[in-house]
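The primary structure of each chain is shown beneath.
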Amino acid sequence: MPVAVEVTNLEDDQVRIDISVPEDEVRKQFDRTVKETSARMRIPGFRPGKVPAAIVIQRVGREGLFAQMIDRAMNDWYREALATTGIEPIDSPEVDMGDATEQGVAFAVTLKVPPTPKLGEYKGLEVMKEPAETPTDAIEEEINRVREQGARLEDKDGVAGIGDFVVADIDGTLDGEMLPQAQSRDQLVELGTDRILPEFTNALDGTKAGDSVSFDVTYPEDAPEEIRGKTVAYSITVQKVQEKVLPEVDDALAETVGFASAAEMREEIEQRLATATERAVEERYRRRVIDAAVAGADFQVPPAMVERRVEEILHDTSHQLPQGITLEQYLAMQGQTLDMAREGLRTDAELSIRRELVVEAIADAEGITLTDDEVEARVRSDAADAGRDPEELLGALRKAGGWDNLREDLRIERAVDLIVGSATAISPEEAEKREAVEAKADEPAAEKAPAKKPAAKKEPAAKPAAKKEPAAKKPAAKKPAAKKPAAKAPAAKAGTAKSAAAKPAAKKAAAKPAAAKSTAAKPAAKKAATSSAKGSGTTAAKKPAAAKKPAAKKKPDAE
């Protein structure tokens, strides 16, 4: 082992790591520094990299080379100390430099580490769980989506209205000159859709075949450059009006989407929606159980952890945007600045950190561990679910260095299962009654504002998409190679080339990628395990936090 470490726990969630580097490691790093310096030196009579060590030391000086070695190698030694101890700092270290000679180096780092929550009750929690009832209108909406797939357009007598289609000739001019991209013949325009500018809908609503309308459109600053901030005069002649006709819900329609009959189609839709509803209800219940355990814990999340998480979310968001769209541009489309986004993310970031720390503390308190055989069994199970070769997946996981990360994710998953498994579900009505009783009991001592039991608190049916909340579904195994970003949003399409009625391209780009405001994807590893109650499976190869290079308080003495 190149370095020896000794850990001392300090107050205020700090630790001190004393790091000792033996003589042979120091000499090896010194020789490496000499070789690297030799490769950069240009001395007549010697080829690059072939300058003898004695000449390098003579030219540069032993003290200078030793200082270079310390500056480069100390970060490696620091990282190794972190890996050895398993400590994950939440801020830059404070460094105290001790003895530093060619016979050995000693230094100490003082680190701020995540707080250890003082756990409250986390077993036997009573938490609201709503019944898994699929709304009738959800079934009808799904059937209507099938009908939309088989819809057809038919000519319509009379005037056009919202939802109708107009076949029209469009001419646009700018400053009296014909604008090529604003010319179109037999253009199909759907009234009322957000794919066209509202000025077109307003002008064509109530027209019939043979009518002509004229109107102006002033384009905003996010429109294509040639019309940005300018007013285009449009003249449109309606050729015909068409209406969308939906097919009847019958066997013929069912056959177009792969069913033998309309009854079979409806039954399958009902079953699918029922399954989705049950999963969503279970997901919300598991989330509430975790949040109830979190609410009972006593600790403060350091601001540095929150800020780091916010930056991670923004970083992940920026990598999910369509090519050519910067994070600042995307936020501007949402009416936000970078500072506004950071402020809006802090609450969600702190909550996600609280969940992680509490569940980790519960896993520690319960002594939850997994053997190599148990981790391997999970990988093989995931491989079978995904139709993958288990040996290939095991090899890829070990090669990617994700074995211990997966072990930790599965440990957290077991802790979540323990919390949820011991909880008792109560009805929304019972939760509401308890809340009313507690509120009434609190009235005489309102100034004390005692905390309500989290178990009985009724929550809304849905949370913001930013929080991938506890899910019951077991993840399928995927190759733990380089992590790909989340589903990429479709790239923005130019709107003026095909149809002058279309919105400017910049507005179309606002089709939300995976992360709006606080909807950015969360970083992987332990975070995935507490935001998804079943962990992240074999794909969760936790990346250790990049250790920041320690800056020595004083220069070492070269001897």
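### Here we look at the overall build of the protein
Right, so step 1: When helices and strands are tallied, the protein shows 16 helices and 12 strands.
Right, so step 2: Looking at the protein residue by residue over its 559 residues, the buried ones come to 42%.
Right, so step 3: Long-range contacts, defined as pairs at least 24 residues apart, comprise 75% of the intrachain contacts of the protein with a sequence gap of at least 6.
Right, so step 4: With the model as given, the accessible surface of the protein reaches about 29,600 Å², and the carbon-plus-sulfur share is 50%.

### Some thoughts on the pattern of salt bridges
Right, so step 1: Tallying each qualifying case throughout the model produces 43 salt bridges.
Right, so step 2: For Glu366, the salt bridge goes to Lys123, with nearest N and O atoms at 3.1 Å. Remark: Lys123 occurs in the loop between strand S4 (104-112) and strand S5 (126-128) and Glu366 occurs in the loop between helix H10 (338-365) and helix H11 (372-386); sequence separation between them is 243 residues.
Right, so step 3: Classification of Glu366 as partly exposed rests on a relative accessible area of 28%.
Right, so step 4: In this structure, Asp372 and Arg407 form a salt bridge, with 2.5 Å as the shortest nitrogen-oxygen distance. Of this pair, Asp372 sits in helix H11 while Arg407 sits in helix H13 (residues 403-422), and the two are 35 residues apart along the sequence.

### A word on a negative patch on the surface
Right, so step 1: There is a patch of like negative charges on the surface, built from Glu248, Asp250, Asp251 and Glu255.
Right, so step 2: With respect to the helices and strands, Glu255 occurs in helix H6 (residues 251-256).
Right, so step 3: Take Glu255: its relative accessible area is 52%, and that puts it in the exposed class.

### Details of the pairing of strand S3 (residues 94-101)
Right, so step 1: The sheet contact formed by S3 and S4 spans six bridges and is antiparallel. The residue of S4 that forms the bridge with Val95 is Val109.
Right, so step 2: Hairpin remark: S3 followed by S4, antiparallel, with two residues in the connecting loop.

### Concerning the sheet that holds S4
Right, so step 1: Pairing is antiparallel across the open sheet formed by four strands, whose spatial order is S1-S2-S4-S3. Taken across any chain shown, the strands that pair with only one partner, and hence form the sheet edges, are strand S1 (4-10) and S3. Taken pair by pair, the neighbouring strands of this sheet meet at an average axis angle of 10°, ignoring direction.
Right, so step 2: Looking at chain direction, strand S2 (residues 14-21) and S4 are connected through eight bridges and run antiparallel.

### Side note on unusual backbone geometry
Right, so step 1: Here the phi dihedral of Asp12 falls at roughly 60°; this positive angle occurs in a residue that is not glycine.
Right, so step 2: Tracing the sequence through the fold places Asp12 in the loop between S1 and S2.
Right, so step 3: Within the chain, Asp13 stands out as a residue other than glycine whose phi angle is a positive 55°.
Right, so step 4: By the secondary structure assignment, Asp13 is in the loop between S1 and S2.
Right, so step 5: Judged by its relative accessible area of 32%, Asp13 is partly exposed.

### Regarding the packing of helix H2 (residues 53-60) against helix H3 (residues 62-85)
Each packed pair of helices is defined by two parameters, the angle between the axes and the distance between the axes.
Right, so step 1: For the pair H2 and H3, the least separation of the axes is 6 Å and the interaxial angle reads 95°. Classified by the interaxial angle, the pair formed by H2 and H3 is roughly perpendicular. Residues Val56, Ile57 and Val60 of H2 pack against Arg62, Leu65 and Gln68 of H3.
Right, so step 2: Across the contact of H2 with H3, the residue classes break down as four nonpolar, one polar and one charged.

### Digging into the packing of helix H1 (residues 23-40) against H3
Right, so step 1: Axis separation between H1 and H3 bottoms out at 9 Å; the angle between their running directions is 115°. With respect to H3, the axis of H1 lies roughly perpendicular. For the crossing formed where H1 meets H3, the hand is right-handed. Only Arg62, Leu65, Phe66, Gln68, Met69, Arg72, Ala73, Asp76 and Trp77 of H3 make contact with H1, whose side of the interface consists of Glu25, Val26, Gln29, Phe30, Arg32, Thr33, Val34, Glu36, Thr37 and Arg40.
Right, so step 2: In terms of residue class, the contact of H1 with H3 is built from eight nonpolar, four polar and seven charged.

### Here we look at the nonpolar core
Right, so step 1: Val289 and Val359 are the most contacted members of the largest nonpolar core, which totals 38 residues.
Right, so step 2: Contributions of two or more residues to this core are made by helix H7 (262-295), helix H8 (303-318), helix H9 (327-333), H10 and H13.
Right, so step 3: Those residues in contact with Val289, other than ones at most four positions away along the chain, are Leu125, Val127, Ile419, Val420 and Ala423.
Right, so step 4: Judged by nonpolar contacts, the second largest core, of 31 residues, contains Ile19, Val26, Ala81 and Val105.

### A word on the confidence of the model for the protein
Right, so step 1: Taken residue by residue, the protein gives an average pLDDT of 81. The fraction at 70 or more is 79%.
Right, so step 2: Contacts of residues 504-525 to residues separated by more than four positions or lying in other chains number 74 contacts, the stretch itself having pLDDT below 50.
Right, so step 3: Low confidence marks residues 539-549, where pLDDT is under 50. Its contacts with residues over four positions away, or in another chain, come to 26 contacts.

### Digging into the side chain of Asp164
Right, so step 1: With respect to the secondary-structure elements, Asp164 resides in the loop between strand S6 (152-155) and strand S7 (165-174).
Right, so step 2: Judged by its relative accessible area of 8%, Asp164 is buried.

Cut-offs used in this document
Residues numbered from 1 in each chain as written. Predicted model: local features only at pLDDT ≥ 70, side-chain atom pairs only at ≥ 80, totals over all residues. Heavy atoms only, no water. Helix = DSSP H or I, 4+ residues; strand = E, 2+ residues; numbered from the N terminus. Buried < 20%, exposed > 50% of the residue type's maximum accessible area, 1.4 Å probe, protein only. Contact = heavy atoms within 4.5 Å. Areas by Shrake-Rupley, 256 points an atom, 1.4 Å probe, with all protein chains shown as cover. Salt bridge = Lys/Arg side-chain N within 4 Å of Asp/Glu carboxyl O. Patch = residues over 30% accessible without salt bridge, like charges linked within 9 Å, V, L, I, M, F, W, Y side chains within 5 Å. Lys, Arg positive; Asp, Glu negative; His and termini not counted. Charge placed at Lys NZ, Arg CZ, Asp CG, Glu CD. Pairing = 2+ DSSP bridges. Axes fitted to C-alpha atoms, helices over the stretch in contact; angles between N-to-C directions. Parallel < 35°, antiparallel > 145°, perpendicular 65-115°, else oblique. Nonpolar A, V, L, I, M, F, W, Y, C, P; charged D, E, K, R; others polar. Left-handed = near helix turned anticlockwise from the far one by under 90°. Core = buried A, V, L, I, M, F, W, Y, C linked by side-chain atoms within 4.5 Å. pLDDT = per-residue confidence, 0-100.

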